[in-house]
Amino acid sequence: MSKSSSSYRPEIDGMRAIAVSAVILYHLKIQTSGGTFLSGGFLGVDLFFVLSGFLITGIMLDEFCRTGGISVTQFYLRRARRILPALLLVMLASLPVAWCLLLSSELDRFSLSLVAALGFVSNGYWFFELSEYGAQSGLLQPFLHTWSLAIEEQFYLLFPPFLILLLPRVGRRPLLWILVTMTIAGFALAAITTVLHPAFSFYTPTSRAWEMLAGAVLAVLVREIGPGNRWRVSRMVPALSLVVLLGAFATQDLVSMQHPGIGTVPVILATCGLIWCADRTEPVTRLLSLSPLVWVGKLSYSLYLWHFPIFAFGRIMSIDKPTPTEMIVWIALTFALSAIGYYLVERPFRFQVPRRAFALSTVTALVPVAAITIFSVTSNGATSGRTQALAKLYGPAESDNATLAAASWQLLNRRFPNEEIGAWNALRPSESGRTELWFETAEAANVLIIGDSLSKDVYNALTLNAERFPDYEFARFNLHRSRLEDDLSVLRDTPNFEAADVIMIAPNYYREFRSALQTILKAVNRDGKDVLVLGNTAKFDAGGPRPLFDWFLMKTQDSAALSELNALATQYEDRRSRDQNAAIREIAEAAGATYLSRRQLVCPDEANCTLVTKSGRKTMYDDLHWTLEGAALFGQRAASAGWLRRQVASTLSN
């Protein structure tokens, strides 16, 4: 088999089929006794990157050999024909579904994600969007998957001009060594970036370029070294490479591996091995060239585009966790729409539709996408169809939890209007928390509430009930568990810490709560200040994508049934969180601090937990954070329970 040109190679489509199948199964999140089925399926994207670098570099090299140059115009026209028609088709099909299923805040995010995808900057968009505190699960974002398409297109903004400038001047053999050097340097950059900032590394093109460059190196190699000069062991390489790929898909885990970087190397080498050593007489090559795999490979781009919106909308429609039947329906719908899109849109627009008709069709398809985006962004909170449909069912309760979450930060923002605190910067201490003195009354006892976003809820609860705590003033300082030592060092230098009489520790307690609480106590339990340690708040899990309030209302479709929710809530309480409270109390009392039960504010007795107020409003906007209505109620209960009485008596007597 000649490798001197970019003639069709069916095994490449077979590799695409493996890659897209791994990605699809990974995104299904099928639970097993050991975790998630194909926990490393996300590595299929990296396989795609290598294939892309190999194929597109090969096309450009062959064009240069034929014509003595590379046409930038033709290159980007081919990319537009390849990428835009199928992408716009999926967007147009998703728009009415989004209007029907998404809440107002979700529709805003969806609209902006379409613009980001069309501008091929969605990797940056989703990095910032999902980095926000309390961001909705990525599995519910219909166009999250376009981050990888954006990275690929960003690479191809720079790589073709690079080849056009370099290839005529140095020739193919020197180009090979330049690409090898760039690949090694790119890998080193990716490995370092992953260690320093894994989330940023995942989405940045600089950490993925080496994978496409590896494919580019391979494209030059197969044109420099003919099939007769392959290694004698090459017949063993495809089988070994396939085993490595399937093993990585089955066993790797994004949380525990260094990716992209050292952990990605086996997949990249295995992909290169399959391409380099492919031969029609070799068993793995014949396997990858089977008609069913080739057909799936030809559909791979459409499958990639369709599967994630279908899965995301399916999860949004599901009241509980998706069932196996629902997942089978999602996959069947993915293949059906992908096949229709491939034969009716993708292939014709790629190979047959004239240039003028292609341009006109593209502009026409962009109109509704642009229209809904402009409407969503400029309508100042106009409700989506979904929000309007839910208004009657929810009654006085807010259906959009993002609205409630944003409102929960407003007491802090009103306290210091020159600084905005919200989900985008909630993970670090605020400027006002670091530099401003919040306490104004000399006769009052000063209470400094420290912790993460849950400390914000406690601040709201006490501030909204200021008349029940007339002898106190309250301030708040944010601590983040990943920077605990640094944040505590900053805390001790703040004016509020110096002036505080009482330090109230009110974080969310994670798995490492023992060491974290002991570290906090060691830092603040000095200087004669009273220290209060709040136990865990009550946390709830209905098993699906919605908070318990929304899950119950969707399940019953009866707002009158909400009167039963508080009595049922204890059945869905997270027992692990509740069971931590005994250990939290023990650690607090051993340090001489006072323990207060935060859970009892939410669950005043063993038979009831308050998720809905008497007026029918939510007390939580997710599984643990308090709405302003909830904070007001729980603050009343804190006052009735005698919170701070001993501390103010002690302070006023000094």
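Reading the values: rules and limits
Residues numbered from 1 in each chain as written. Predicted model: local features only at pLDDT ≥ 70, side-chain atom pairs only at ≥ 80, totals over all residues. Heavy atoms only, no water. Helix = DSSP H or I, 4+ residues; strand = E, 2+ residues; numbered from the N terminus. Contact = heavy atoms within 4.5 Å. Disulfide = S-S within 2.5 Å. Buried < 20%, exposed > 50% of the residue type's maximum accessible area, 1.4 Å probe, protein only. Core = buried A, V, L, I, M, F, W, Y, C linked by side-chain atoms within 4.5 Å. 1 Å grid on protein atoms, 1.4 Å probe; cavity = no way out; pocket = protein on both sides within 12 Å on 5 of 7 lines; lining within 4 Å. Points joined across faces, edges and corners; volume = space filled by probe spheres on them. Nonpolar A, V, L, I, M, F, W, Y, C, P; charged D, E, K, R; others polar. Phe/Tyr/Trp six-rings, centres within 6.5 Å; stacked < 30°, edge-to-face > 60°.

Draft legend 1. Layout of the environment of Trp 330. Turning to its location among the elements, Trp 330 is positioned in helix 15 (residues 324–351). For Trp 330, the contacting residues outside a window of four places in its chain are Leu 28, Ile 310, Phe 311, Gly 314, Arg 315, Ser 318 and Pro 322.

Draft legend 2. Inspection of the state of the cysteines at higher detail. Scanning the model with the defined rule gives one disulfide in all. Through a disulfide, Cys 603 is tied to Cys 609; the S-S separation comes to 2.0 Å. Since a negative S-S torsion denotes a left-handed disulfide, the Cys 603-Cys 609 link at about 105° is right-handed. A relative accessible area of 2% means that Cys 603 is categorised as buried.

Draft legend 3. Molecular detail of the nonpolar core. The biggest cluster of nonpolar side chains holds 84 residues, and the ones touching the most others in it are Ile 450, Met 504, Ile 505, Val 524, Val 533, Phe 540 and Leu 644. With seven residues, the single largest contributor to this core is helix 24 (residues 513–524). Not counting chain neighbours up to four residues away, the residues in contact with Ile 505 comprise Ile 450, Leu 517, Ile 520, Leu 521, Val 524, Val 531, Leu 532, Val 533 and Leu 534. Core analysis: the second largest hydrophobic core is formed by 68 residues, Ala 22, Ile 56, Val 267 and Trp 276 among them.

Draft legend 4. Summary view of the layout of surface pockets. Reported here for the second largest pocket is a volume of approximately 1,200 Å³. Looking at the second largest pocket, it is lined by 45 residues, and the ones nearest its centre are Arg 16, Leu 55, Ile 59, Arg 82 and Arg 350. Contributions of two or more residues to the lining of the second largest pocket are made by helix 1 (10–28), helix 2 (44–67), helix 3 (72–101), helix 6 (146–170), helix 9 (209–224), helix 13 (291–298), helix 14 (300–317) and helix 15. Looking at the lining of the second largest pocket, the element that brings in the most residues is helix 2, giving 10 residues. Residue composition of the lining of the second largest pocket, grouped by class: 21 nonpolar, 10 polar and 14 charged.

Draft legend 5. Summary view of the packing of aromatic side chains. Counted by the stated rule, this structure contains 30 aromatic pairs. Between the aromatic rings of Phe 75 and Tyr 76, the centroid separation amounts to 5.1 Å while the plane-to-plane angle is 80°, which identifies the pairing as edge-to-face. Accessibility expressed as a relative area gives 3% for Phe 75, which makes it buried. Each ring, one from Trp 147 and one from Phe 202, has its centre 4.8 Å from the other, and the planes form 45°; the classification is tilted. Taken as a pair, Trp 147 in helix 6 and Phe 202 in helix 8 (residues 198–203) lie far apart in primary sequence, 55 residues in all. For the pair shown, Trp 147 and Phe 202 are each scored as buried. Put simply, the rings of Phe 75, Tyr 76, Phe 155, Tyr 156, Phe 159 and Phe 162 touch in pairs and so form one group of aromatic residues.

Any functional reading would require information that these geometric values do not contain.
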